[in-house]
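Survey of secondary and tertiary structure
Each chain, written out:
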Amino acid sequence: MFTVLALVIVTAPGWDDFRKSFLNTHLWWSSFPDIARGFLVNIRVFCISEVLILILALGIAILRSLPGPVFFPIRALAIVYTDVFRGLPTIMVVYILAFGIPALQLTDASWYRSQTYWSIVALTLVYSAYVAEVYRAGIQSVHPSQEAAARSLGLSRWQALRHVVLPQAVRRVVPPLLNDFIGLQKDTALLSIVGPVEAFRQAQIAESANFNFSVYVPASLLFLALTIPLARLTDYLIERDRRRFLASGGV
Amino acid sequence: MAPAVVLEGVQKSFGKLEVLSGIDLEVEEHEVLCLIGASGSGKSTLLRCVNLLEPVDSGRIVIHGEDVTAREVDVNEVRRRIGIVFQAFNLFPHMSVLKNVTLGPRKALRVPRRDAEERATELLTRFGLADKRDEYPDRLSGGQQQRVAIVRALAMEPDIMLLDEVTSALDPALVGEVLSVIRDLAQSGMTMLIATHEMGFARETADRVCFLDQGRILEQGTPDRIFTEPVQPRTQEFLRRIIEAGRM
C-alpha cells in the first residue's frame, strides 16, 4: 500500500516542484529556531487557556446541573452559553474578540490592546462550552444514590456535590477532557490570523521570505511533538480505567 | 415523652402511581419496628420520607415533637439526627473506609478531623472492621461494606436509624454478620425502623411488626401475633408465600 502510494507521489509530474517547495531540508533547519520561539507563544496560550477552561467549564456544568424550577433561568443561561459557543466557528470568535473589543477603545491599558489576551479569552469561551458538556456528562454518570447517601448524612447540596459527586465525575471524564485539549493545542494556531507571532505565523513569515513552503514542516512537527504524547496519555488512562473496571467486577 | 417518630396521613405518589396512601404510624423511643410486605408495597419509600429524601405529598411527619414536613425546617439538620442504611450500601467508592465514616461528622457537624477519626476508629473496632480502616470499598466483601455503611450512619450519633432492606443485596453467607450488628444496635436501645424480608430476624428482634400492602399499613402487632395468627387475609397470603419459599 505505502509503496504504491509513495510511487504515485514520487512519479507525479509535479514531484520536483513539490520537493523544492516542501522538502528543502536546509530551510527546515534554518527556520526552526524562530518557529520554535514562536511555538513558546502557543504553549503559553495553551497553558493559560487550559487552566481558565477547566475552571469556567466546571462552573457552567454545575449551573446546568442545578435541579428544580427555581434554577430554571440559570440553567437556561448555561444552555444558551453552550449552544452559542459550540455553534460558532472558533475562528469567528477569535476575530470578533481580538479585533472587535480593542476597537471599542474602552481603555488604554496594554492588556486591552493585546490580541494575544483576547485570543486567550476567545479560546477559553469556545472550549469551555465543550468541556462543560464533558463535565456535565461526568456529573450525570454518578448514580443519584451517591448524592442521596451524602444528603442522608446531613451534607448540604453543595457539600454533596463538592465531596461526593464531583470527585467521581471528574475522575471519569479525564480521558475525554484530554481529548478536547488536544484540539485546543492545535487551535492555538488560530492566533496567527489576528497578529501574535506564534509558530504558524512565524512559519508564514518565513514562507514569504523564502517563497518556500518547507518551513511548515518544522512547525507541524512541533505541534505533533506536543499533541502525540497527550494522545498516548489519554489512551493509557482509558486503558487503565478499563482494567480497573474489570478488576472490580465490572458492575 | 413524645414518640420518636409520628406519621400522620402520609401520602406519596410518583407520577400517577400512589406509593403511600395515607400512613399513620407511631414509633416509640427505643422501639424496634419492622416493616414487612411485598416489594413495591411502599416500605422503602416510607423510610425515605422519614429521612426527607423524598418529600411527602400530604400528611405530616413529626420527629421528637417537631414537624419536619413544615416548610421552614432545615432538612440537613433533621437528617443529621436520622441515620439511614441502604440496600445497595451506597458507600463512596473514591474514599477509604475511614473517610467514608468521617465525612458526615466532619462536614455536616464540623467535628475536627482528629476527633472524627478517633471516634470512627472506635466504631470500626466495635464492629470488627478496625483492619479495614484504610481500604477502599471495592476491596471489601458485601457484608463488610454494609457494616461500614452502618458505621457511617452511626458516626453521626443519630437518635433514629432507618434500615432499608440492608441484607437483600448480600450473599446469603454474609447476611448473618450484618444482622448480628443490627441485633447489637437493638439491644443498645436504638430506635429503629427496619424494612426487611428476613422474617426470622423480624420475629426475633422486632418489638412490633407492620405489614404494608399497596401503600397502607394493613395490620400491625407483636411479632408473635403477626407471624402466628395474622388476621387479614392478605397478610396470611403473604406469610404463606414466604413460608412456601422457605424464607421463614
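Residues numbered from 1 in each chain as written. Chains lettered and ligands numbered in written order. Predicted model: local features only at pLDDT ≥ 70, side-chain atom pairs only at ≥ 80, totals over all residues. Heavy atoms only, no water.

1. Some remarks on the pairing of strand E8 (residues 191-195) of chain B
Residues and elements named next belong to chain B. The buried fraction of E8 is high, at five of five residues. Of the two faces of E8, the one lined by Thr191, Leu193 and Ala195 and the one lined by Met192 and Ile194 are each fully buried. Where strand E3 (residues 32-36) lies against E8, four bridges are found, and the strand directions are parallel. Residue pairing across strands places Val32 opposite Met192, the latter belonging to E8. (Buried < 20%, exposed > 50% of the residue type's maximum accessible area, 1.4 Å probe, protein only. Helix = DSSP H or I, 4+ residues; strand = E, 2+ residues; numbered from the N terminus. Pairing = 2+ DSSP bridges.)

2. Considering empty space enclosed by the protein
With a probe scaled to a water molecule rolled over the atoms, the places where space remains empty come into view. Within this structure, the stated rule accounts for two cavities of 30 Å³ or more. What the largest cavity holds in volume is close to 40 Å³. Residue lining of the largest cavity: Ser152 and Leu153 of chain A together with Arg79, Arg80, Ile82, Gly83, Ile84, Ala153 and Met156 of chain B, and that is the complete set. Looking at the lining of the largest cavity, the elements with two or more residues in it are helix H2 (75-80) and strand E6 (82-85) of chain B. Here the element with the most residues in the lining of the largest cavity is E6 of chain B; it accounts for three residues. Here the residues of the lining of the largest cavity sort into five nonpolar, two polar and two charged. Together, Leu163, Glu165, Val166, Thr167, Ile194, Ala195, Thr196 and Phe201 of chain B line the second largest cavity. Across the lining of the second largest cavity, the residue classes break down as five nonpolar, two polar and one charged. (1 Å grid on protein atoms, 1.4 Å probe; cavity = no way out; pocket = protein on both sides within 12 Å on 5 of 7 lines; lining within 4 Å. Points joined across faces, edges and corners; volume = space filled by probe spheres on them. Nonpolar A, V, L, I, M, F, W, Y, C, P; charged D, E, K, R; others polar.)

3. Points about helix H3 (residues 25-64) of chain A
Maximum bend of H3 of chain A: about 45°, positioned at Phe32 of chain A, with proline Pro33 of chain A one to four residues after it. Sitting at the head of H3 of chain A, Asn24 of chain A places a side-chain oxygen 3.0 Å from the backbone nitrogen of His26 of chain A. (Bend = angle between axes of the 7 residues up to and from the residue. Polar contact = N/O pair within 3.5 Å; in protein donor to acceptor, adjacent residues only side chain to side chain.)

4. A word on the layout of surface pockets
Residues and elements named next belong to chain B. Size it by volume and the second largest pocket reaches roughly 250 Å³. Surrounding the second largest pocket, Leu52, Glu54, Pro55, Val56, Val68, Thr69, Ala70, Arg71, Val73 and Val75 form its lining. Broken down by class, the residue content of the lining of the second largest pocket amounts to seven nonpolar, one polar and two charged.

5. Observations concerning the interface of chain A and chain B
Listed as interface residues are 18 residues of chain A and, on the opposing side, 24 residues of chain B. Carbon and sulfur atoms make up 61% of the area that chain A and chain B hide from each other, which totals about 1600 Å². Counting the surface chain A buries against chain B, the share from its top three residues, Ser152, Leu153 and His163 of chain A, is 33%. Counting across the interface, chain A meets chain B through zero salt bridges. At the boundary of chain A and chain B, one finds seven residue pairs in polar contact (both at pLDDT 80 or more). (Contact = heavy atoms within 4.5 Å. Buried area = accessible area lost by both parts, 1.4 Å probe. Salt bridge = Lys/Arg side-chain N within 4 Å of Asp/Glu carboxyl O.)

6. Things to note about the side chain of Glu165 of chain B
Note on placement: Glu165 of chain B falls in the loop between strand E7 (160-164) and helix H6 (172-187). Beyond its immediate stretch of four places on either side in the chain, Glu165 of chain B contacts Lys43, Ser44, Gln87, Ala195, Thr196 and His197 of chain B.

7. Focus: the nonpolar core
Judged by nonpolar contacts, the single largest core of 47 residues is most densely connected at Ile36, Ile150, Met161, Ile182 and Met192 of chain B. Ranked by residue count, the leading element in this core is H6 of chain B, at seven residues. (Core = buried A, V, L, I, M, F, W, Y, C linked by side-chain atoms within 4.5 Å.)

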